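Structural description and commentary
Read off the chains here:
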Amino acid sequence: MDIVRHTLKKYEIIEKYLGACKILFESERKPNFLYIDGYSGPGKVHFEDSDWGINKLIAGSPLIAIEKLNPEKSKKISCVFIENDSKNFSDLESYIGTIKNVKCLQGDANLKIFEVLDKISPFTVVTILLDITKYNELKWNTVENIAHHKKPYGTDIIIHLPFYTMNAYNNWENDPEGITNFFGCDDWKQLYEKKRNGVLEIREFEEEIVNLYKKRLGEVAGYSVVKSVPIRHVQSLKQTQRTIYYLIYGSNNEKAAKNIMDYVMDDKTLHRYLNKYIKTLEEWGKLEKEKIKNKLTLFDFSNKIIKS
Ligand SMILES: C[S@@+](CC[C@H](N)C(=O)[O-])C[C@H]1O[C@@H](n2cnc3c(N)ncnc32)[C@H](O)[C@@H]1O
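Residues numbered from 1 in each chain as written. Predicted model: local features only at pLDDT ≥ 70, side-chain atom pairs only at ≥ 80, totals over all residues. Heavy atoms only, no water.

1. Details of the overall build of the protein chain
Rule in force here: Numbering of helices and strands runs from the N terminus; a helix is a DSSP stretch of H or I covering at least four residues, while a strand is a stretch of E covering at least two. Working definition: with a 1.4 Å probe on protein chains only, accessible area under 20% of the residue-type maximum means buried, over 50% means exposed, and in between means partly exposed. By definition in these notes, contact holds between two residues if any of their heavy atoms fall within 4.5 Å. All accessibility values rest on the Shrake-Rupley procedure with a 1.4 Å probe; residue burial counts only the protein chains present in the view.
Scanning the protein chain from N- to C-terminus turns up 12 helices and 10 strands. Scored against the burial criterion, the 308 residues of the protein chain give a buried share of 52%. Sequence-distant contacts, at least 24 apart, represent 70% of the contacts inside the protein chain between residues at least 6 apart. When the accessible area of the protein chain is evaluated, it comes to approximately 15,300 Å², of which 49% is carbon and sulfur surface.

Quick look at the structure:
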């Protein structure tokens, strides 16, 4: 699986969030913590960027979670990774191997998540990452059923709202049913109409679309805290461009959500981080180019780059 620059921002959010969860839930008095990555991908992803001279396999969301949560050494923290594509699943299994408190499941996340939720002990806080590529991979019913699943502590979710793949091929017009299944209603049609008539600019339309989903998470799914952060195309250090997707967070634990997500989803902090990270990568790219071509080098900044 290939990733591009803006994916680094997603990884930063996941890392920060799970880092905070690790600290929060490791304490004896706190409930157990289960992290489900519903759309795991292959575990490691290929990051190639010729401008920066980078061509590496780096940790994807499952390996980031294992590094941050360290479930193997924990009595209270566990992870489940779900992936439906056979090739991605076999890569995932081979990268992860056998780790205590970690399970990989092959299948449709819209079903598998509930097999997991039905089995876990009540004294468990759950966070589910729903990092889809296309809107038709996640049904609104799944989100609503996760939110209403009977767990004393509720279940937090982080959802990828794939604005870019909705816009691509003009799916608003070509696949209205698919888009309605994603939102669980067809209120998006009025917004699209306004965009078509020029009443809404593309950025305004995008914001309205995200607000519609957030409103549904609040009013229909019943989340008391709903936050979002845009993931935009990164062209250069100073410029970010069109929106690719949003990450949206829903929780009923207002205190934890405040402590964790205000910090994790602060776009300004993330942007500063991203700039710093990109600079490191650029420097690294320059160094790599100067080195003797066939001599393998291993560069490790905070374990971000993993040996292939
Ligand atoms: C955006 S990628 C995940 C990337 C990964 N989270 C990361 O950051 O490294 C989405 C993944 O979901 C998988 N997928 C698509 N539909 C699915 C479904 N219904 N159930 C489970 N996995 C699915 C795809 O095969 C793909 O590997």
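Anyway, onward from the coordinates.
2. Some points on the pattern of salt bridges
Selection criterion: Here, a salt bridge means any Lys or Arg side-chain nitrogen found within 4 Å of an Asp or Glu carboxyl oxygen.
Enumeration according to the criterion identifies 10 salt bridges in this entry. Residue Arg-5 is joined to Asp-49 by a salt bridge in which the shortest nitrogen-to-oxygen separation is 2.6 Å. On the criterion of sequence distance, the pair formed by Arg-5 in the loop between strand S1 (2-3) and helix H1 (7-25) and Asp-49 in strand S3 (residues 44-49) is long-range, its members being 44 residues apart. When sorted by exposure, Arg-5 lands in the same class as Asp-49, which is buried. By sharing partners, the salt bridges in this structure join Arg-203, Glu-206 and Arg-232 into a single network.

3. What about the site of the ligand?
Rules: Any residue with a heavy atom positioned within 4 Å of a molecule or strand is treated as near that molecule or strand. Polar contact is the term for a pair of N or O atoms within 3.5 Å; when the atoms are in protein, one must be able to donate a hydrogen and the other to accept it, and sequence-neighboring residues count only if both atoms are side-chain atoms. When residues are sorted by character, Ala, Val, Leu, Ile, Met, Phe, Trp, Tyr, Cys and Pro go into the nonpolar class, Asp, Glu, Lys and Arg into the charged class, and all the rest, Gly among them, into the polar class.
Within the structure, the ligand sits among 22 residues, and Ser-61, Glu-83, Asp-108, Ala-109 and Asp-131 are positioned closest to it. The contact in question runs from a nitrogen atom of the ligand to an N or O atom on the backbone of Tyr-39, over 3.1 Å. Between Asp-108 and the ligand, the recorded distance is 2.9 Å, taken from a side-chain N or O atom to a nitrogen atom. In isolation the ligand offers 600 Å² of accessible surface; the protein chains occlude 90% of this area. Of all the secondary structure elements, the ones that give two or more residues to the shell around the ligand are H1 and helix H4 (109-119). Tallied by class, residues from the shell around the ligand come to six nonpolar, 10 polar and six charged.

4. Thoughts on the confidence of the model for the protein chain
What counts is decided by this rule: On a scale of 0 to 100, pLDDT captures the predictor's confidence in every residue.
Here the protein chain averages 84 in pLDDT, while 81% of its residues score no lower than 70. A low-confidence stretch, residues 291-308 stays under pLDDT 50, and its non-local contacts, those more than four residues away or across chains, total 26 contacts.

5. Quick word on the packing of helix H2 (residues 61-69) against helix H3 (residues 86-96)
Rules: To get an axis, a line is fitted to the C-alpha atoms, and for a helix only the part in contact is used. The angle between two axes follows their N-to-C directions and goes from 0 to 180 degrees. Under this scheme an angle from 65 to 115 degrees is roughly perpendicular, one under 35 degrees roughly parallel, and one over 145 degrees roughly antiparallel; angles in between are oblique. Left-handed describes a crossing whose near helix is turned anticlockwise from the far helix by less than a right angle; the clockwise case is right-handed.
The geometry of H2 relative to H3 is characterised by a closest axis approach of 11 Å and an angle of 25° between their N-to-C directions. The pairing of H2 with H3 is recorded here as roughly parallel in orientation. Where H2 crosses over H3, the two elements pack in a sense that is right-handed. Contacts between H2 and H3 involve Pro-62, Leu-63 and Ile-66 from the former and Leu-92, Tyr-95 and Ile-96 from the latter. The residue inventory of the contact of H2 with H3, partitioned by class, reads six nonpolar, no polar and no charged.

6. Comments concerning the nonpolar core
Selection criterion: The nonpolar core is taken to be a set of buried Ala, Val, Leu, Ile, Met, Phe, Trp, Tyr and Cys residues, with the residues joined through side-chain atoms within 4.5 Å.
The biggest cluster of nonpolar side chains holds 46 residues, and the ones touching the most others in it are Ile-36, Leu-130, Phe-183, Tyr-213 and Leu-217. Setting aside its immediate chain neighbours within four residues, Leu-130 contacts Tyr-39, Ile-113, Leu-138, Val-143, Ile-146, Ile-157, Ile-158, Ile-159 and His-160. Counting 42 residues, the second largest nonpolar core, distinct from the first, contains Ile-64, Ile-66, Leu-92 and Ile-96.

7. Let's talk about the pairing of S3
Selection criterion: When DSSP finds at least two bridges between two strands, those strands are taken to pair.
As judged from the two bridges shared by S1 and S3, these two strands associate in the parallel manner. Among the inter-strand pairings, Asp-2 is bridged to a residue of S3, identified as His-46. The sheet contact formed by S3 and strand S4 (residues 54-59) spans six bridges and is antiparallel. Within S4, the residue paired with His-46 across the bridge is Leu-57. Hairpin remark: S3 followed by S4, antiparallel, with four residues in the connecting loop; positive phi at Gly-53, about 65°.

8. Some details on helix H8 (residues 176-183)
Where we set the bar: What the arc describes is the spread of directions from the helix axis to the C-beta atoms.
Among all positions in H8, only Gly-178, Ile-179, Phe-182 and Phe-183 are buried. Here the buried residues of H8 occupy an arc of 130° about the axis, which is enough to place them on one side. Those residues of H8 that are buried lie in contact with helix H5 (140-148), strand S8 (155-161), helix H6 (163-167), helix H7 (171-174), helix H9 (188-196) and helix H10 (202-219). Gly-184 occupies a position one or two residues after H8 and carries a positive phi of about 75°.

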